[in-house]
Amino acid sequence: MKDNEKLDIYYKGKLVLSDYEKARKKGEKNPYEDLAIAELEGHTVGKDEEKTDSVTIIKKLGKDDAIYDLGDKPGCLNKRGYSYVNWNTDDPAPHVDSFKSLYKSIPFFIVLGDEYCYGIFADNTYKTTFDFGYENTDYYFVEHEKGELDYYFMPGNDMAEVVGLYTSLTGTTPLYQRWIYGSHQSRWGYYTQDEVLDIADKFRELDIPCDVIHMDIDYMNGYRVFTFDDKKFPDVKGLSEKLADRGVKLISIIDPGVKKDEDYFMYKEGMEMDAFAHDTDGSVYENAVWPGTSVFPDFTKQSVRSWWGDKTKILLEHGISGIWNDMNEPASFNGPLPDDVQFEYGAHEKVHNIYGHFMAKATYEGLAKNDGGKRPFVLTRAAYAGSQKYCGGWTGDNHSIWAHIALSLEQVCNLSVSGLAMCGSDIGGFGSDTTPELLVRFYEAAVFVPFFRNHSAMGTRRQEPWQFDETTIDAVRKTVKLRYRFIPYIYDLAHECEKTGAPIVRPLVYEYPADKHVRNISDEYMLGSFVLVAPVIAPGKEAREVYLPDGDRYDYYTGEKYSGGRYILADAPLDKVPVFIKAGAIIPVADGEIRSTEDITEDKISILTYPGKGSFVHYQDDNETFAYRNGAYNAVEYTLDGETLEKRVLHKGL
Ligand code: GLC
C-alpha cells in the first residue's frame, strides 16, 4: 500500500474497520498554560519530539466501541479513552491508572462495537504507543517508533472467536501440572531452608491447603543464578524431599543478570561462548542488578537459550519443580540499558520488549528437555505476545492497598483475554504493609484466579495467614478450601484453554458481549461460563452490589435463585466471597479432606448441577506429563436437561 492509500475491511459483507481519512488532530494546547510552564521550568516549551522512523495505523473509532486487552496495563478493563505505551517497565511505585507501561508488552487488543467484534495484533517489538480515543474520540492509533507495520486483523462474532483466532496464531496457554493450580506461598524472603519447612508445616497444622513454596533470591550464593547458599540452604534436595512428604513442591527464582565474577561458572562459561549482550564498541555490556555488576545473556541467540536451558538441570537435581523468572524486562539498577546495546536479533530498542519472552522460552525448553517428560512451569514478570506458550505471568510488584485488589482483577481479566491465561497478582500485596482484612479480601478476590500466590516484600509486614488472628486464619482457610473444591473444574477449563484459547477466568464482557452493562465490569469475573465471582474490594463491607447478567443464577452458598439482567445486593461478611452459578451448570468439584492437590483423587470428585440446560466435558489425565497429548486421558461429556444429568464417554485412554 502507498502512503496515502486507505484501507476498508469488510467482514461477512459488513464494513467493520476503516482507516481514518484525515491526519491526526491533536487536542489544542492552551497557550497561556504553555507560557506558564515555560516560566516555571525556565525554558521555552518545545515541540513534540519528531519521530522520524515511526510507523502508525490510524483507524476510525466507532461511537460505542469498547477496547480490551493489552495485557497487564493498569486502569480500567475497557481501555477506550486511554493511551498506553508498550515498553516493559519495572516501576516499584504503586501502580496507578496513569501508568502508561508495566512489565509486559502484548500488542493485541479487541474492539467490541455494537455490530462487530475484531482483534488487532500489531506485531512489532519496538516501543509502541496505543491511543484508544484519548487524543481524539474519532479515531484510535498504534504508533511503532521503528520497524515494520505488520498487523493482523482478526474478526469474529464475539470476543471468544477473536481470542480463539489470536491464540491459534500466537499459541494457547498450555495445561499445567495440576499442582500449579493449587495455593502458592512466597515471601522475599525465606532466609533458611528450615524456615521454608516450617512454613509448610504451619500450613498443615492450621489445615490450610498449600501446594507450593517459592524461594526468592535469598537461596542463592550472593545472588549468583543457578547456585545455592551453602550455609542457609545447605541441602535443598533434602528440603524438597521433606516437602514432598507433606505434598508440597518448591519453585525457585532465577533472574537474567549474571554476576561479573571471574570465579563464577556462569560468568566464565558465558564469556567463553560469547553469551552476553555487547556495547557498540564490542565489549560486554555491564549494568547492576541484585548481585552487583552483572552481564545480560542474549536470549535471542539459540546457543544461549540451550546453554541456559541446560542449567535447569542444576535446579531439577535439587528437587525444584518450577522456575520463576524475574527482572527480565530487563530491569537494571544503573539506569536503563541504552537503546543500542547489541543482541543477536538487533539493538536493545528492538529486543527490550521480547527479552523476558526469550528468557522464558529458554527456561521452558530446558525444563521440557530435562524434567523427565513433566509439563514445565515457568512464571515470568516480563512478556510479549505468544509468551503464554512458555510461561504463566504474575503482575509484578503491587502493593498492600485496597486499590490493588481492583487492579489485580482488571489485569487478570485483560491478561486472560490477551492469551496469557495462567496469570495472577501477589495476594496480600507485595510492597507496603497489609492488614488482616485486606489480606482476606485479596485471597477472596483471587479465589478462582489461575495463579494463586501470597507474596510480599522484604521489610514489609509478614503476611502468611497465621501472622494474624483466628478470624483472619479462618477466613483465609475457608477461601483456600473453596478454591481447592473447584480445582477439578479449573483443571477442566485449563485443558479447554489449551485446545481453544478460551481463558480460564474471563471478564463478564467475554461471556455477555451484547450486554452494555458489563463493558467495564472487572470487580466481578467468570470462572469458565458457569461461575460468577463478585469479591469485596473495599474495606468495612458486609455486602456488595452484584450485577447479574441475563439468565437465572443460584447463590452458591444458599441455593437461592436469582433472575439476571439486574443488580442485587449480596451478603458478603469477611469470610464470604459472593459466588453465583448459572442455571444449567455442571461443575466437577472435590470433596473431603484436602491438604494439597495430591489429595484430589477421582473418588473425591463429584458433579454439582444447577437445574437448567447445559453441557460440560470433564477431563482426567495423569496430572503431570504430556502423555495426554498421545491419548492418555479420559473425557466424559455431561448433559443436563432440567434436573436430569446424562453421561457419555467421549474418550477412554487411562
Ligand atoms: C522483584 C520481584 C519480586 C521479588 C523481588 C526480589 O521486585 O518483582 O517479586 O520478590 O524482586 O527477588
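These figures come from a predicted structure and were not determined experimentally. (Residues numbered from 1 in each chain as written. Predicted model: local features only at pLDDT ≥ 70, side-chain atom pairs only at ≥ 80, totals over all residues. Heavy atoms only, no water.)

A. Focus on the overall build of the protein chain. Of regular secondary structure, the protein chain possesses 13 helices and 39 strands. For the protein chain, the C-alpha radius of gyration of 25 Å lies close to 26 Å, the compact-globule estimate for 654 residues. The principal-axis extent of the C-alpha atoms belonging to the protein chain is close to 70 × 65 × 50 Å. Looking at the protein chain as a whole, 60% of its 654 residues are labelled buried. For the protein chain, restricting intrachain contacts to residue pairs at least 6 apart in sequence, the fraction spanning at least 24 positions comes to 71%. As displayed, the protein chain offers around 24,800 Å² of accessible surface, 49% of which is attributable to carbon and sulfur atoms. Computed over 73 positive and 106 negative side-chain charges, the inter-centroid distance for the protein chain is 3 Å. (Helix = DSSP H or I, 4+ residues; strand = E, 2+ residues; numbered from the N terminus. Rg over C-alpha atoms; globule rule 2.2 N^0.38 Å. Buried < 20%, exposed > 50% of the residue type's maximum accessible area, 1.4 Å probe, protein only. Contact = heavy atoms within 4.5 Å. Areas by Shrake-Rupley, 256 points an atom, 1.4 Å probe, with all protein chains shown as cover. Lys, Arg positive; Asp, Glu negative; His and termini not counted. Charge placed at Lys NZ, Arg CZ, Asp CG, Glu CD.)

B. The site of the ligand, seen in detail. Around the ligand lies a shell formed by Trp188, Asp216, Ile217, Ile253, Trp290, Trp324, Asp326, Arg381, Trp394, Asp397, Phe430 and His455. One of the side-chain nitrogen or oxygen atoms of aspartate 216 is found 2.5 Å away from an oxygen atom of the ligand. In this structure, histidine 455 approaches the ligand through a side-chain N or O atom, which is 2.9 Å from an oxygen atom. Relative to its unbound accessible surface of 310 Å², the ligand loses 97% to contact with the protein. Looking at the shell around the ligand residue by residue, the classes come out as seven nonpolar, one polar and four charged. (Near = heavy atom within 4 Å. Polar contact = N/O pair within 3.5 Å; in protein donor to acceptor, adjacent residues only side chain to side chain. Nonpolar A, V, L, I, M, F, W, Y, C, P; charged D, E, K, R; others polar.)

C. Structural detail: empty space enclosed by the protein. Going through the model one piece at a time under the given rule, you end up with three cavities of 30 Å³ or more. Here the largest cavity is characterised by a volume of approximately 60 Å³. Lining the largest cavity, in full, are Ser408, Leu409, Val412, Gly424, Ser425, Asp426, Ile427, Phe442, Ala445, Ala446 and Val449. Going through the elements one at a time, α9 (403-417), β25 (426-427) and α10 (436-445) are the ones with two or more residues in the lining of the largest cavity. With three residues, α9 is the single largest residue contributor to the lining of the largest cavity. A per-class count over the lining of the largest cavity returns seven nonpolar, three polar and one charged. (1 Å grid on protein atoms, 1.4 Å probe; cavity = no way out; pocket = protein on both sides within 12 Å on 5 of 7 lines; lining within 4 Å. Points joined across faces, edges and corners; volume = space filled by probe spheres on them.)

D. Seen up close, the packing of helix α3 (residues 193-205) against helix α4 (residues 236-245). Where α3 contacts α4, the axes come no closer than 10 Å and their chain directions differ by 5°. Viewed along their axes, α3 and α4 adopt a mutual orientation that is roughly parallel. Contacts between α3 and α4 involve Gln193, Val196, Leu197 and Ala200 on the former and, on the latter, Val236, Leu239, Lys242 and Leu243. Per-class residue counts for the contact of α3 with α4 are six nonpolar, one polar and one charged. (Axes fitted to C-alpha atoms, helices over the stretch in contact; angles between N-to-C directions. Parallel < 35°, antiparallel > 145°, perpendicular 65-115°, else oblique.)

E. Spotlight on helix α2 (residues 159-170). With 12 residues, α2 extends 16 Å from end C-alpha to end C-alpha; this agrees with the ideal 16 Å at 1.5 Å per step. Listed as buried for α2 are Met159, Val162, Val163, Gly164, Tyr166, Thr167 and Thr170. Two residues or fewer past α2, glycine 171 is found with a positive phi of approximately 105°. (Expected span 1.5 Å × (residues − 1).)

F. Layout of the packing of aromatic side chains. All chains considered together, the criterion is met by 45 aromatic pairs. Ring geometry for tyrosine 562 against phenylalanine 580: centres 5.7 Å apart, planes inclined by 80°, an arrangement best described as edge-to-face. Of this pair, tyrosine 562 sits in strand β32 (residues 561-562) while phenylalanine 580 sits in strand β34 (residues 579-582), and the two are 18 residues apart along the sequence. Like phenylalanine 580, tyrosine 562 is buried. Ring-pair connections join several aromatic residues into one group, and the members of that group are Phe226, Tyr267, Phe276, Phe299, Trp307, Trp308, Phe343 and Tyr355. (Phe/Tyr/Trp six-rings, centres within 6.5 Å; stacked < 30°, edge-to-face > 60°.)

G. Summary view of the nonpolar core. Core analysis: the biggest nonpolar cluster contains 175 residues, and Trp308, Phe448, Phe486, Leu527, Val531 and Ile587 have the highest contact counts within it. Of the residues forming this core, the biggest block, nine residues, is contributed by helix α8 (residues 348-370). When sequence neighbours within four positions are dropped, the list of residues in contact with leucine 527 reads Phe448, Phe486, Tyr489, Ile490, Leu493, Ile504 and Val505. (Core = buried A, V, L, I, M, F, W, Y, C linked by side-chain atoms within 4.5 Å.)

H. Structural context of the environment of lysine 59. Tracing the backbone through its elements, the reader meets lysine 59 in strand β3 (residues 55-60). Exposure remark for lysine 59: the relative accessible area of 0% places this residue in the buried category. In sequence terms lysine 59 and tryptophan 87 are 28 residues apart; their C-alpha atoms lie 22 Å from each other. If sequence neighbours within four positions are ignored, lysine 59 has contacts with Leu7, Leu17, Ser18, Asp19, Tyr20, Asp138, Tyr139, Tyr140 and Tyr151.

I. Region of the structure containing the sheet that holds strand β10 (residues 139-144). Read across the open sheet, the four strands follow the order β3-β10-β9-β5; overall the sheet is antiparallel. Of all the strands in the sheet, the pair left with one neighbour each is β3 and β5 (83-86). Sheet twist, expressed as the mean angle between neighbouring strand axes with direction ignored, is 10°. Bridge analysis of β5 against strand β9 (residues 128-131) gives four bridges, and the strand direction is antiparallel. Bridging across to β9, serine 83 finds its partner in aspartate 131. (Pairing = 2+ DSSP bridges.)

J. Quick look at the sheet that holds strand β38 (residues 634-642). The three strands lie next to each other as β37-β38-β39, forming an open sheet whose pairing is antiparallel. The two strands at the open ends of the sheet, each matched to only one other strand, are β37 (612-620) and β39 (644-652). The average undirected angle you get between the axes of adjacent strands in this sheet is 15°. Bridge analysis of β37 against β38 gives nine bridges, and the strand direction is antiparallel. Each bridged residue has a counterpart across the sheet, and for tyrosine 619 the counterpart in β38 is alanine 635.

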